[in-house]
Each structure stands twice: as structure tokens, then as C-alpha cells.
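# Coordinate analysis (summary)
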Amino acid sequence: MIPLTGEQVLQRVEHLNTIFGKTQKKEKSKSCIWKKRSIFFDLPYWSDLDIRHCIDVMHVEKNVCDSVIGTLLNIQGKTEDGLNTHQDLAELGIRSQLHPRSDGKKIYLPPGCHTLSKKEKISFCQSLTIVTC
């Protein structure tokens, strides 16, 4: 059997309407073997790749870099260290110093040991500006 090209796969899946979650039952259709369209088809070069599981290293590096910097600088919405993570630690009964604390009105999330202080954040950002200039 000859593998399909990226264009052929894209043509077969572009009509699929993907609804995430468990709110609807899946239709069992024998005519289409795909259940959803990969988000990778949004990349401009994806359908042109001969081997579509080889993703662009540049995109992976950028995403990893964004995640690490977001976590180190504790950027809201960019860190992986949120309320759910702290609640999971409390449920598991580990790392009690990181459990969420409530004063009745607000929930305080103690920073992890990897989070930089304000002085360290300034120093980190200054070192980046020196490197990029």
C-alpha cells in the first residue's frame, strides 16, 4: 500500500468537525478512519512533509523556551505552576510548603524554589538584553 501524501491526508480530514471533551457520543462511521484533524495541519509546511511525524525543531525549541522562561519569571498564564498543580500536591500530601493557602478572600500560591525573586528576574532580563545587543 502506498502511503498518502500530506495533501491527500489534508483533503480527507479538512471536513472533520472536532469537538473536544466528553459531551457528545462519537459517530461510528466506516467511511472515514480519522476522528479529528491534527492541529499540526495549521503549520504552513505540514502537508508538504514526506514524514509528517518529523516536526520543526524551531517550533519545539520556541515552545520549550517559552514554557521555561514563563515558569522561571512566574508569568501569569505562561507558567505550569498554577492552582491545579498546587491542589494536586495537597491531594497527594506532598510538598506541604507549596499547598495553596486561603485567607477567606484570596488564594495564595507559594512560589516554587525554581521561581526567581524580583532582583533575580531583573538580572536575568538584563543578561538577555546584553546577549541580544
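Below or above, wherever it landed, is the structure these notes cover. (Residues numbered from 1 in each chain as written. Predicted model: local features only at pLDDT ≥ 70, side-chain atom pairs only at ≥ 80, totals over all residues. Heavy atoms only, no water.)

Secondary structure assignment for the protein yields four helices and two strands. Tracing the protein from N to C terminus, the helices and strands come up as α-α-α-β-β-α. The 133 residues of the protein split such that 16% are buried. In the protein, of all internal contacts separated by at least 6 residues, the share reaching a separation of at least 24 is 37%. Summing over all exposed atoms, the protein offers an accessible surface of approximately 11400 Å²; the carbon and sulfur share of this is 58%. (Helix = DSSP H or I, 4+ residues; strand = E, 2+ residues; numbered from the N terminus. Buried < 20%, exposed > 50% of the residue type's maximum accessible area, 1.4 Å probe, protein only. Contact = heavy atoms within 4.5 Å. Areas by Shrake-Rupley, 256 points an atom, 1.4 Å probe, with all protein chains shown as cover.)

Right, let's talk about the environment of Asp66 for a bit. Counting through the fold element by element, Asp66 comes out in helix H2 (residues 57-72). Distance from Asp66 to Thr79, taken between C-alpha atoms, is 9.0 Å for residues 13 residues apart in sequence.

All right, on to the layout of surface pockets then. In this model, the second largest pocket occupies a volume close to 240 Å³. Along its surface, the second largest pocket is lined by Asn74, Gln76, Gly77, Thr79, Asp81, Gly82, Leu83, His86, Leu109, Pro110, Pro111 and Thr115. The class makeup of the residues in the lining of the second largest pocket is four nonpolar, seven polar and one charged. (1 Å grid on protein atoms, 1.4 Å probe; cavity = no way out; pocket = protein on both sides within 12 Å on 5 of 7 lines; lining within 4 Å. Points joined across faces, edges and corners; volume = space filled by probe spheres on them. Nonpolar A, V, L, I, M, F, W, Y, C, P; charged D, E, K, R; others polar.)

This structure, assessed with the given rule, holds one salt bridge. In this structure, Lys62 and Asp66 form a salt bridge, with 2.6 Å as the shortest nitrogen-oxygen distance. Taken as a pair, Lys62 and Asp66 lie in helix H2 at a separation of four residues, close to a single helical turn. In this structure Lys62 comes out as partly exposed when scored by relative accessible area, which is 49%. (Salt bridge = Lys/Arg side-chain N within 4 Å of Asp/Glu carboxyl O.)

With that settled, the discussion passes to a nonpolar patch on the surface. On the surface, a cluster of nonpolar side chains totalling about 220 Å² of accessible area is made up of Val60, Val64 and Val68. Inspection of the secondary structure assignment puts Val60 in helix H2. Classification of Val60 by relative accessible area gives partly exposed; the value is 35%. (Patch = residues over 30% accessible without salt bridge, like charges linked within 9 Å, V, L, I, M, F, W, Y side chains within 5 Å.)

Further remarks concern the side chain of Thr71. Here Thr71 lies in helix H2. The residues touching Thr71, leaving out its near neighbours within four places in the chain, are Lys78, Thr79, Glu80, His114 and Thr115.

The next point concerns H2. The end-to-end C-alpha distance of H2 is 22 Å, a good match for the 22 Å that 16 residues give at a rise of 1.5 Å each. Once H2 ends, the next one or two residues include Asn74, with phi positive near 55°. (Expected span 1.5 Å × (residues − 1).)

Here the focus is the nonpolar core. The biggest cluster of nonpolar side chains holds seven residues, and these are Val9, Leu10, Val13, Leu16, Phe41, Leu43 and Trp46. Discounting residues that sit within four places of it in the chain, Leu10 has contacts with Arg37, Phe41 and Ser47. (Core = buried A, V, L, I, M, F, W, Y, C linked by side-chain atoms within 4.5 Å.)

Below, the discussion takes up the side chain of Asp81. Along the polypeptide, Asp81 turns up in the loop between H2 and helix H3 (83-92). Buried and unpaired, Asp81 has Arg95 as its nearest opposite-charge partner, separated by 8.3 Å. Looking at Asp81, its side chain comes within polar contact range of the side chain of His86, at 3.2 Å. Asp81 has contacts with His86, Gly112 and His114, leaving out every residue within four places of it along the chain. (Lys, Arg positive; Asp, Glu negative; His and termini not counted. Polar contact = N/O pair within 3.5 Å; in protein donor to acceptor, adjacent residues only side chain to side chain.)

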